[in-house]
Amino acid sequence: MSDVKRGREFLHTPGPTNIPHRVLNAMHQPAVDFAAPPFFNMARGCFEDMKPIFKTQGPVFIYAASGHGAWEAALTNTLSPGDHILLPETGNFSLKWGMMAESLGLVIEHLPGDWRHAIDPDAVEQHLREDREGRIRAVLMIHVDTATGIISDVPAVRRAIDNANHGTLLMVDTIASLATVDFQMDAWGVDVALAAAQKGLMCPPGLGFTACSEKALRAGQSARLPRNYWDWRERMSEEQYIRFCGTAPEHLIFALREALNMLAEEGLPAIFARHHRLASAVRQAVEVWASEGGMAFNAVVPAQRANSVTAIRVPAGFDGEAVRSLSRERFQVSLGGGLDRLRGDVFRIGHMGDLNDPMILGALAGVEATLQALKIPHGRGGVTAAIDYLVAH
Ligand SMILES: *Cc1c(COP(=O)(O)O)cnc(C)c1O
């Protein structure tokens with residue numbers, strides 16, 4: 001085979017995701033005067049139109065930043081040095097957010113997890129009940145932990161906090177869940193929700209978002225962690241240059257505008273249904289692969305398997321990283337690898353954002369070909385099972 005590659009690359013990393021041509025084309029224009037009405041109004045519309053995506057009436061802040069920036073914004077805007085936070089561990093992303101919090105001077109109380117199960121709300125409740133002095137100021141949860149392919153139940157964690165009669169803030173990382181599965185910031189009593197552009201929102205990497213409740217804003221009034229770039233109070237300004245703490249990332253805003261148009265056209269219920277259907281097709285394939293030879297879903301409980309990404313364990317003695325590299329180099333399907341302690345044990349198929357049936361089938365076919373090429377024991381016919389599912393649903 002020649003080294004020259006033709007045809008389309010299949011991007012199934014769980015971020016960044018495929019950027020639709022409409023979004024790409026929206027960026028192809030000259031820079032503009034950010035203070036003049038056309039851009040000013042466009043940006044203002046984006047701030048407004050992010051609210052129904054989070055399902056909140058509260059303010060949304062947009063940063064030129066990765067998701068990590070949104071993490072830092074959430075923490076520094078609400079907390080003070082020495083504050084305790086409760087970290088129910090679901091995988092690599094909860095761990096990394098916690099490490100960031102620690103580096104900022106916060107004290108982490110860990111709720112250990114095995115990276116194969118969702119957050120246990122009873123454990124959260126129990127831990128909060130034992131915090132009689134109310135030292136814990138925030139619970140940090142990841143809605144979909146992209147490293148493990150597991151979704152945790154936000155309303156259940158809210159109920160756990162309420163049952164414990166605890167005043168902590170609830171912060172939810174929706175980076176890998178927003179616009180793929182339902183999220184209701186206000187109805188679910190979430191105080192800070194954060195997201196990034198390059199996953200369900202179908203945009204280029206480079207924008208981070210935080211949405212916040214009144215309670216979170218109030219906490220911000222007395223929060224003493226140093227902050228400047230991230231500061232919500234500054235960013236409440238009507239002046240564009242202050243709102244973005246500098247020059248607006250204009251082209252990313254052009255992209256976001258078009259992506260928001262696309263999300264509105266399809267509608268959130270249809271978007272969630274599409275993600276569920278495509279994810280189900282992936283799961284059908286994995287069921288077949290796992291039916292013999294030792295492959296398995298990383299998420300043990302079926303109801304906890306996320307609609308945005310599937311993490312698949314390879315049998316003992318095989319290397320998930322080999323799956324990832326052969327699939328990319330030979331079959332032109334880019335997958336996610338195992339992160340941190342899952343490295344080598346899993347590979348991940350991202351299925352969020354701008355995707356349709358043949359794209360999913362193409363990715364599954366690439367994976368199945370890779371399994372066969374690497375002689376990884378697996379049940380044959382995963383792609384056929386996915387086709388059967390898609391035809392029937
Ligand atoms: C991708 C991801 C992040 C990190 O986002 P970056 O833009 O890479 O900083 C954090 N949390 C979750 C759940 C993610 O999926």
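About the thresholds
Residues numbered from 1 in each chain as written. Predicted model: local features only at pLDDT ≥ 70, side-chain atom pairs only at ≥ 80, totals over all residues. Heavy atoms only, no water. Domains from an automatic or database assignment. Buried area = accessible area lost by both parts, 1.4 Å probe. Salt bridge = Lys/Arg side-chain N within 4 Å of Asp/Glu carboxyl O. Near = heavy atom within 4 Å. Polar contact = N/O pair within 3.5 Å; in protein donor to acceptor, adjacent residues only side chain to side chain. Areas by Shrake-Rupley, 256 points an atom, 1.4 Å probe, with all protein chains shown as cover. Phe/Tyr/Trp six-rings, centres within 6.5 Å; stacked < 30°, edge-to-face > 60°. Helix = DSSP H or I, 4+ residues; strand = E, 2+ residues; numbered from the N terminus. Buried < 20%, exposed > 50% of the residue type's maximum accessible area, 1.4 Å probe, protein only. Lys NZ or Arg CZ within 6 Å of the ring centre and 35° of its normal.

Novice: So what's going on with the domain arrangement of the protein chain? Residues and values would help.
Specialist: The domain architecture assigned to the protein chain consists of domain 1 (10-16 + 267-392) and domain 2 (31-264). Each of domain 1 and domain 2 has a C-alpha centre, and the two are 28 Å apart. When the buried surface of domain 1 facing domain 2 is broken down by residue, Phe272, Gln304 and Arg341 rank first, second and third, together holding 21% of it. At the junction of domain 1 with domain 2, the criterion picks out two salt bridges. Glutamate 89 is the partner of arginine 341 in a salt bridge, and the nearest nitrogen-oxygen pair spans 2.9 Å.

Novice: Any chance you could break down the site of the ligand for me, citing the residues and the numbers?
Specialist: If you check the shell around the ligand, you find 13 residues, and the closest are Gly67, His68, Thr146, Asp173 and Lys199. One of the backbone N or O atoms of glycine 67 is found 2.7 Å from an oxygen atom in the ligand. The contact in question runs from an oxygen atom of the ligand to an N or O atom on the side chain of threonine 146, over 2.3 Å. Its free accessible area being 380 Å², the ligand has 88% of it covered by the protein chains.

Novice: Could you give an account of the packing of aromatic side chains, with specific residues and numbers?
Specialist: The description of an aromatic ring pair rests on the distance of the ring centres and on the angle between the ring planes. In this structure the tally under the stated criterion is ten aromatic pairs. Measuring from ring centre to ring centre gives 6.4 Å for tryptophan 71 and phenylalanine 93, while their planes differ by 65°; the resulting arrangement is edge-to-face. Of this pair, tryptophan 71 sits in helix α3 (residues 67-76) while phenylalanine 93 sits in helix α4 (residues 92-103), and the two are 22 residues apart along the sequence. Note on accessibility: tryptophan 71 and phenylalanine 93 belong to one class, buried. Judged by centre distance (4.9 Å) and plane angle (80°), the ring pair of tyrosine 229 and tryptophan 230 falls under edge-to-face. Clustering of aromatic rings is evident, with ring pairs tying together Tyr63, Tyr229 and Trp230. Over the ring of tyrosine 229 we find arginine 235; its NZ or CZ atom is 4.6 Å from the centre of that ring. Against the face of phenylalanine 47 rests arginine 243, its NZ or CZ located 4.0 Å from the ring centre.

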